[in-house]
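Here are the chains, one letter per residue:
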Amino acid sequence: MKVPFDKIFYTGKEMEFITDALKRKFLSGDGYYTGLVSSLLKERFNINKVFMTTSGTHALELAVRLLNLESGTEVIMPSFTFPSTANAVMMMGLKPVFVEIREDTLNINPVDIQKKITRRTGAIIPVHYAGIACQMDKINRIAKDNKLYVLEDAAQAVNARYQGKYLGSWGDIGCYSFHSTKNYISGEGGAIAINLKDGFLIERAEVIRENGTNRAKFIRGDIDRYSWVEQGSSYLPSDLLMALLYAQLSQLDYIQSRRKVIHDFYSKNLEQYSSSAIKSMTFVPDDCDPNYHCFFLVFENRLIRDRVMIGLQKRDISAVSHYSPLHSSPMGKKLGYQPEDLPVTENISKCLLRLPMYTGMTEQEMEFVVEKLIEVLGEL
Ligand SMILES: *Cc1c(COP(=O)(O)O)cnc(C)c1O
């Protein structure tokens, strides 16, 4: 048996919806299926305004742009994230300020956020790692006290909740990804969730995503021709991709429940090795309903982690590390960071291993992973 790290899952509706989209002969943005998916996300997650985007990265870019922060403004985010989070900030001439994560959830640490706020801070970007929520009540409180925006990087967190409220709906703006490595996919794709009830900002989003034109107003019949009104870009995904996404979102709960089965299986069977060979593993705080995006193990040190990774590889199981921290990357160094600036992040990244996790994973595959992992742990 060979177990990949990740595998694409189809619900069975994909062909039907894609064929229908082809028949409709409208393949550009804001077509029939774009309407369906954006309404579904809006209703289901209780979001004020949803715009679909070409990727999670573009959702982040659009979101940062909408905040209209003055050049040089500092934006607080974890170093333990994908480069998109920091790129979106830098592209707008802003400065990423990296902070520590908590050792249990690997999410941004509110205590360190508080420490790194300066007069120049303008926003916080919490990243919900593995689809498990950051402490959004605390983060929103800190933001309110310091008059900062909160922009959620909920790329991995579609359909996950914190205290019963969906992730992406806690901050001023939330960003989702439908990249083929995430739980719900369109190959490439994303969405921006605008929670701010700010008509002016929403209108700007409409303009920016359509090359800086007021085409949306024209389509609504508010004006009789459209023109270029500000600097923008093109963030609209093809309706063909949104047809694929609609098929995926039609099985929102099924996909999540399948992933929960894998999570529960790993947790139950590996629990006894926790705090011996395995230092810690995916931890779900009581107030979090995750979407079970991934399952991770943290080992005592890099050597052990690498041994386990190679041991699994030899047994045809693909388990992978995660996030070279941004602050200690070549780009982070250019920004003036040293690896020792964020010791928790630096250490976690060296010791982390993610186990195979995909919606279509069979019981035999799960059992195989656990059996072989226990075998490898016995050889340490
Ligand atoms: C996947 C991901 C992104 C980027 O999303 P894309 O759709 O691949 O552009 C950004 N941030 C985080 C935390 C992610 O996991």
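Preceding this section is the structure that the text describes.
Here we summarise the structure given alongside this text.

**Considering the side chain of S349**
Turning to step 1, where the next piece is worked out: Relative to the helices and strands, S349 resides in helix α13 (residues 343-351).
Turning to step 2, where the next piece is worked out: From its side chain, S349 meets the backbone oxygen of Y323 in a polar contact 3.2 Å long.
Turning to step 3, where the next piece is worked out: In contact with S349, other than residues within four places in its own chain, are F80, R305, H322, Y323, S324 and P325.

**Let's talk about the packing of aromatic side chains**
Turning to step 1, where the next piece is worked out: Inspection of the entire model under this criterion finds 15 aromatic pairs.
Turning to step 2, where the next piece is worked out: Judged by centre distance (6.1 Å) and plane angle (35°), the rings of F9 and Y254 are tilted. Placement of F9 in the segment before α1 (14-24) and of Y254 in helix α10 (residues 252-270) is noted, with a sequence separation of 245 residues between them.
Turning to step 3, where the next piece is worked out: With 5.8 Å between their ring centres and 40° between their planes, F17 and Y33 make a pair best called tilted. Of the two residues, F17 is situated in helix α1 and Y33 in helix α2 (residues 32-45); the sequence distance between them amounts to 16 residues.
Turning to step 4, where the next piece is worked out: Residue classification places F17 among the buried positions, given a relative accessible area of 13%.
Turning to step 5, where the next piece is worked out: Taken together, F17, Y32, Y33 and Y246 form an aromatic cluster joined through their ring pairs.
Turning to step 6, where the next piece is worked out: One cation-aromatic arrangement involves R24 over Y32; the distance from NZ or CZ to the ring centre is 3.5 Å.
Turning to step 7, where the next piece is worked out: Over the face of the ring belonging to W170 we find K165, whose NZ or CZ atom lies 5.7 Å from the ring centre.

**Here we look at unusual backbone geometry**
Turning to step 1, where the next piece is worked out: Even without being a glycine, N68 presents a positive backbone phi close to 55°.
Turning to step 2, where the next piece is worked out: Counting through the fold element by element, N68 comes out in the loop between α3 (56-67) and β2 (74-78).
Turning to step 3, where the next piece is worked out: A residue is classified by how much of its surface remains accessible, and N68, at 55% relative accessible area, is exposed.

About the criteria used
- Residues numbered from 1 in each chain as written.
- Predicted model: local features only at pLDDT ≥ 70, side-chain atom pairs only at ≥ 80, totals over all residues.
- Heavy atoms only, no water.
- Helix = DSSP H or I, 4+ residues; strand = E, 2+ residues; numbered from the N terminus.
- Polar contact = N/O pair within 3.5 Å; in protein donor to acceptor, adjacent residues only side chain to side chain.
- Contact = heavy atoms within 4.5 Å.
- Phe/Tyr/Trp six-rings, centres within 6.5 Å; stacked < 30°, edge-to-face > 60°.
- Buried < 20%, exposed > 50% of the residue type's maximum accessible area, 1.4 Å probe, protein only.
- Lys NZ or Arg CZ within 6 Å of the ring centre and 35° of its normal.

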